[in-house]
Amino acid sequence: MNTKGITTLDEFIIDRQKDIPFATGELSGLLRDIGVACKVVNREVNKAGLVDIIGANGSTNVQGEEVQKLDMFANDILKASLMTSGECCGIASEEEEELVSFECNERNKNAKYVVLFDPLDGSSNIDVNVSIGTIFSIYKRVSPMGKPCTIEDFLQPGVKQVAAGYVIYGSSTMMVYTTGKGVNGFTLDPSIGEFCLSHPDIITPVKSDTYSINQGYFYNFGKGVQNYLQYCQDSTDKKSKAYRLRYIGSMVADVHRNLIKGGVFLYPAMKDAPLGKLRLMYECNPLAFLAEQAGGEASTGQQRILEVNPTELHQRVPIIIGSKSMVEEAVKIIEE
Ligand code: P6P
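Cut-offs used in this document
- Residues numbered from 1 in each chain as written.
- Predicted model: local features only at pLDDT ≥ 70, side-chain atom pairs only at ≥ 80, totals over all residues.
- Heavy atoms only, no water.
- Disulfide = S-S within 2.5 Å.
- Buried < 20%, exposed > 50% of the residue type's maximum accessible area, 1.4 Å probe, protein only.
- 1 Å grid on protein atoms, 1.4 Å probe; cavity = no way out; pocket = protein on both sides within 12 Å on 5 of 7 lines; lining within 4 Å.
- Points joined across faces, edges and corners; volume = space filled by probe spheres on them.
- Helix = DSSP H or I, 4+ residues; strand = E, 2+ residues; numbered from the N terminus.
- Nonpolar A, V, L, I, M, F, W, Y, C, P; charged D, E, K, R; others polar.
- Domains from an automatic or database assignment.
- Contact = heavy atoms within 4.5 Å.
- Buried area = accessible area lost by both parts, 1.4 Å probe.
- Polar contact = N/O pair within 3.5 Å; in protein donor to acceptor, adjacent residues only side chain to side chain.

Asker: Residues and numbers for the state of the cysteines, please.
Answerer: All chains considered together, the criterion is met by zero disulfides. In this structure Cys 196 is not part of a disulfide, and its nearest cysteine sulfur, from Cys 38, lies 16 Å away. Cys 284 takes part in no disulfide bond, and the closest cysteine sulfur to it belongs to Cys 38, at a distance of 19 Å. For Cys 284, a relative accessible area of 0% puts it in the buried group.

Asker: Could you give an account of the layout of surface pockets, with specific residues and numbers?
Answerer: For the second largest pocket, the calculated volume is near 330 Å³. Within the residue set of the lining of the second largest pocket, elements represented by two or more residues are helix H6 (223–233) and helix H9 (324–335). Here the residues of the lining of the second largest pocket are counted per class, giving 10 nonpolar, seven polar and three charged.

Asker: Outline the domain arrangement of the protein chain, supporting the account with residue identities and numerical values.
Answerer: Its domain assignment divides the protein chain into domain 1 (9–199) and domain 2 (210–335). Each of domain 1 and domain 2 was reduced to a C-alpha centroid, and the two centroids are 24 Å apart. Across the contact, 49 residues belong to domain 1 and 32 residues belong to domain 2. For the pair domain 1 and domain 2, the two sides together bury roughly 2900 Å², of which 66% comes from carbon and sulfur. It is Ile 135, Leu 155 and Tyr 166 that lose the most area in domain 1 upon contact with domain 2, and together they represent 20% of the buried surface on that side. Applying the counting rule to domain 1 against domain 2 returns 12 residue pairs in polar contact (both at pLDDT 80 or more). Contributing elements (two or more residues each) for the side of domain 1 that touches domain 2: strand S3 (88–93), strand S5 (113–121), strand S6 (132–140), helix H5 (151–154), strand S7 (163–169) and strand S8 (173–178).

Asker: Tell me about unusual backbone geometry, residues and numbers included.
Answerer: Glycine aside, residues mostly have negative phi, and peptide bonds are mostly found in the trans state. Here the phi dihedral of Asn 129 falls at roughly 65°; this positive angle occurs in a residue that is not glycine. As for its placement among the helices and strands, Asn 129 is situated in the loop between S5 and S6. Positive phi outside glycine occurs at Asp 201, with the angle close to 50°. With respect to the helices and strands, the residue Asp 201 is situated in the loop between strand S10 (194–199) and strand S11 (210–212).

Here is the structure:
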């Protein structure tokens, strides 16, 4: 906290840089650049209802999903910001079929980080004013400096992340991130255009009463998940407390609520989608890093999300994430 009574994201990043051994400021620069890019995205998200930026632009992304204009806008803003930052040698995005290597200048080729992101998660909610978000994940490259980045720089297990976070565009716009030393949340103050520290050292309650899943798929889930859903709806004489269902349909919003208040979010395997729907590299890994740093857990149902060895950039993975005891309870019941 400084004389202004607030701590901006930039001040916080620079102050915390001291915690990172041999920090030379590149990671700090990268985090600041992501913050600036998301402020630009926020400006467009906030006026999406006013200008002709709503609605699909007719194309579909590598996932075969109809791309909303804002998806591409957010993708292009983040890509441009990271390219000009000079701290990143390449990116991977939900909206890019392949990795994008920044070979335009020597500085980028000598950069030591790669960034993966989902530029606008939950985009199907854009037109109905439901919270959406940008998710990002940062790794140190493993390929030699001075050369173009390679797919091996990206296909690293989540335990190798050096930083991860999200920006949620909701009733307020918040940036939540970790560099492995806890989780901190910053709320955008539009009057000064700065993300200001509002949620220092976020810790997720070990237990809560909220479970978050698309119950509509009940008959598409395996028996284990159906048993778990039955358990969640059972009366309180069969379990410690009554549970309540909260499902926004925007992963960042559901995970953010649980990160702050406690709860468990599940997007499990389904009979017609054995790996579920959500992507490992730029949705599940960054959110799992945050969940664990806030005292929670994140599992595929079989193993820790952060220990999954990736084989493809856009691979999907089942996920159970949130309060420690609720994740463990769900995994146990589903496995029985
Ligand atoms: P369903 C949004 O499209 C998203 O990728 C996540 O943000 C969200 O949690 C999930 O899909 C919702 O999927 O199948 O419940 O509509």
